[in-house]
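This is what each chain is made of:
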Amino acid sequence: MFQVRPAAVRRIATALLASLAMLPGLAIEQELQLDYRMNERVVQVPAGRDGRAMLETTVFRPNGPGPFPLLVINHGKDPGSPSAQPRDRFYYMAAAFVKRGYAVMVPMRQGFANSTGHYRDRGCDMTANGYLQAEDIRSALAYARTQSWVDADHVIVAGQSYGGLATMALGTEQLRGVRGLINFAGGLRDDSAGCGWRSALVSAFAEYGANNKIPSLWMYGENDSLFGPDLANRMHEAFQQAGGKARLVEFPSFKRDAHGMLASRDGEKIWLADTMRFLQQIGMPTEVVYNVPPPPTPARTNYAQLDDVEAVPFLSENGRRAYADYLTKMTPRAFAVSPSGAWTWAEEGEAPEARALATCSAKSSEPCKLYSVDDYVVWNGERVDAAEKATMTASIAAPADPNAPGAVGSTVPAAQPAAQAAVAPAE
């Protein structure tokens, strides 16, 4: 069984809550509405023996009946139980491909999120782990071929972290219509006793290379906390020397941890050009043909300067310290407050505004509102004077240690989590 060890923690993805009382990721996900601009929906894809398991799968599509070329994106493994992992969307990559006329599928594999079946692994046998996870990707492809909106002869399969390992394992088969693979920081880390996971990964990629049937693009960053440049080069060299076809792109340090690049709003600046070049080489579309409007954002107000900590309403002393801490966080970010004294900030990943509001509201006896988004104030309520502040009582809950332990091989990793939300519930 894959053992979660304190060597690494998920850094950016849907959300990691840092507080005295943790809020399950699913509770946040339920607050995020499906994106009508890209026809987002969730379908159930049969998988496993006799199709008894059902994979919770996000689908994005351009307008119209299709058929559309297809991108399948495969997720990593978050800290803790796979069943507690929120539904991954890879929203930013999906948007870039929908603009280019692609349908996008993001299947949650067996045992993850709301997918049925059981999470399966073979401990430190990285080769077998990749093959096991690839079985569910194969099921997603089989489902896609039955859909009238899918051009089954023009398919790309991508994966991040554990999903990257599974994607490269899938590439040992000659699959109809699959023209290329994209491996974003692929691998799986296991710090359990006696597990030489680095060597095991190199061996896994050597086997996948020896049996490789589909060309691939690999992308690894300089400051990847799980799979750094030395290991990335060893895996790539083993893959190529065994006969695999792959181009490795090593990009500079990205924010706090390159492992989370694909889940970041700013990641497109890193992966887009090389990905489009790869698609051209394998005969896949690259031109923008659809307009996907950006998501609506709260309007800027003149309530106060962003760094005016004292202007933020309803906060206790600890809340003011939390807001000062929020000002050091990466964008995209959002800070929410409630008259009950609850506060929340969310950083990086997808929809920080919705995550902050959902987390704050779940812990507050009164409705929460956004105070700040990115680098500006959006609060449009009345000012709260000093006398009112003095009468307010609020729970004092400082953010948890950002270096707390978590799972590895995740959609995003390690210490100092980036896609996180800190929350203080009111008593």
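Everything below is about the structure printed above this text.
Residues numbered from 1 in each chain as written. Predicted model: local features only at pLDDT ≥ 70, side-chain atom pairs only at ≥ 80, totals over all residues. Heavy atoms only, no water.

### Comments concerning helix H7 (residues 268-281)
- Taking 1.5 Å of rise per residue, 14 residues should cover 20 Å, and H7 covers 19 Å from first to last C-alpha, within 8% of that figure.
- Taken as a whole, H7 has its buried residues at Trp 271, Leu 272, Asp 274, Thr 275, Met 276, Phe 278 and Leu 279.
- Of the surrounding elements, those touching the buried residues of H7 are helix H2 (91-99), strand E6 (150-160), strand E7 (178-184), strand E8 (216-221) and strand E9 (246-251).
- Directly after H7, the chain includes Gly 283, whose backbone phi takes a positive value near 75°. (Helix = DSSP H or I, 4+ residues; strand = E, 2+ residues; numbered from the N terminus. Expected span 1.5 Å × (residues − 1). Buried < 20%, exposed > 50% of the residue type's maximum accessible area, 1.4 Å probe, protein only. Contact = heavy atoms within 4.5 Å.)

### Structural notes on the side chain of Asp 136
- Tracing the backbone through its elements, the reader meets Asp 136 in helix H3 (residues 126-144).
- In this structure Asp 136 is buried but unpaired, with Arg 120 as the nearest side chain of opposite charge at 4.3 Å.
- Excluding residues that lie within four positions of it along the chain, Asp 136 makes contacts with Ala 47, Leu 55, Arg 109, Gln 110 and Arg 120. (Lys, Arg positive; Asp, Glu negative; His and termini not counted. Salt bridge = Lys/Arg side-chain N within 4 Å of Asp/Glu carboxyl O.)

### Overview of the state of the cysteines
- If you walk through the whole model with that rule in mind, you get 2 disulfides.
- Note on cysteine connectivity: Cys 360 is disulfide-linked to Cys 368, with sulfurs 2.1 Å apart. With the S-S dihedral at roughly -75°, the linkage between Cys 360 and Cys 368 falls on the left-handed side.
- The buried category is assigned to Cys 368, whose relative accessible area is 10%. (Disulfide = S-S within 2.5 Å.)

### Side note on unusual backbone geometry
- Omega for the bond connecting Gly 66 with Pro 67 falls within 30 degrees of zero, at 5°, which places this linkage in the cis form.
- You can see Pro 67 is positioned in the loop between strand E3 (53-60) and strand E4 (68-74).
- For Ala 351, which is not glycine, the phi torsion reads 45° and is therefore positive.
- Secondary-structure assignment places Ala 351 in the loop between strand E11 (343-347) and helix H9 (352-362).
- Classification of Ala 351 by relative accessible area gives partly exposed; the value is 24%.

### Points about the pattern of salt bridges
- Overall, the coordinates contain 19 salt bridges when judged by the stated rule.
- Ionic pairing is found between Asp 191 and Arg 189, a salt bridge with its closest N-O pair at 3.1 Å.
- On the accessibility criterion, Asp 191 (26% relative accessible area) is partly exposed.
- Salt bridges sharing partners connect three or more residues here, namely Glu 40, Arg 87, Arg 89 and Glu 350.

### Section: the sheet that holds E9
- What the 8 strands build is an open sheet, ordered E2-E3-E5-E4-E6-E7-E8-E9; its pairing is mixed. The open sheet has two free edges, formed respectively by strand E2 (41-47) and E9, since each of these has just one partner strand. Adjacent strand axes in the sheet meet at a mean angle of 25° when their direction is disregarded.
- In the sheet, E4 pairs with strand E5 (residues 103-107) via 3 bridges, with the strands oriented parallel. Following the sheet pairing, Leu 70 is matched in E5 by Ala 103. (Pairing = 2+ DSSP bridges. Axes fitted to C-alpha atoms, helices over the stretch in contact; angles between N-to-C directions.)

### Focus on the nonpolar core
- Among the nonpolar cores identified, the biggest contains 56 residues, and Met 105, Leu 201, Phe 205, Trp 218, Tyr 220 and Met 235 are the most heavily contacted of them.
- Setting aside its immediate chain neighbours within four residues, Met 105 contacts Val 45, Thr 57, Thr 58, Val 59, Leu 70, Leu 71, Val 72, Ile 73, Ala 140, Tyr 143, Ala 144 and Trp 149.
- If you look at the next biggest cluster of nonpolar residues, it comprises 36 residues, including Ile 73, Phe 90, Tyr 91 and Val 106. (Core = buried A, V, L, I, M, F, W, Y, C linked by side-chain atoms within 4.5 Å.)

### Notes on the packing of aromatic side chains
- In the structure shown here, the tally under the stated rule is 20 aromatic pairs.
- Measuring from centroid to centroid gives 5.6 Å for Tyr 323 and Tyr 371, while their planes differ by 85°, and the two rings are edge-to-face. Here the residue Tyr 323 occupies a position in helix H8 (residues 317-326), and Tyr 371 occupies one in strand E12 (residues 369-373), the gap between them amounting to 48 residues.
- Looking at Tyr 371, the relative accessible area reads 0%, which means it is buried.
- Between the NZ or CZ atom of Lys 77 and the centre of the ring of Tyr 119, over which it lies, the distance is 5.8 Å.
- The residue whose ring lies beneath Lys 369 is Trp 379, and the NZ or CZ to ring-centre distance is 4.8 Å. (Phe/Tyr/Trp six-rings, centres within 6.5 Å; stacked < 30°, edge-to-face > 60°. Lys NZ or Arg CZ within 6 Å of the ring centre and 35° of its normal.)

### A few points about the packing of H3 against helix H5 (residues 197-210)
- It is the contact of H3 with H5, at a shortest axis distance of 7 Å, that shows an interaxial angle of 55°. On the basis of the axis angle, H3 is oblique to H5. Together, Met 126, Thr 127, Gly 130 and Tyr 131 of H3 and Trp 197, Ala 200, Leu 201, Ser 203, Ala 204, Glu 207 and Tyr 208 of H5 make up the contact between the two elements. (Parallel < 35°, antiparallel > 145°, perpendicular 65-115°, else oblique.)

### Some words on the pairing of E9
- The pairing of E8 with E9 spans 6 bridges and is classified as parallel. Counted as the bridge partner of Leu 217 is Arg 247 from E9.
- What joins E8 to E9 is helix H6 (residues 229-241), and the crossover it makes is right-handed. (Right-handed = clockwise from strand over helix to strand, strands pointing away.)

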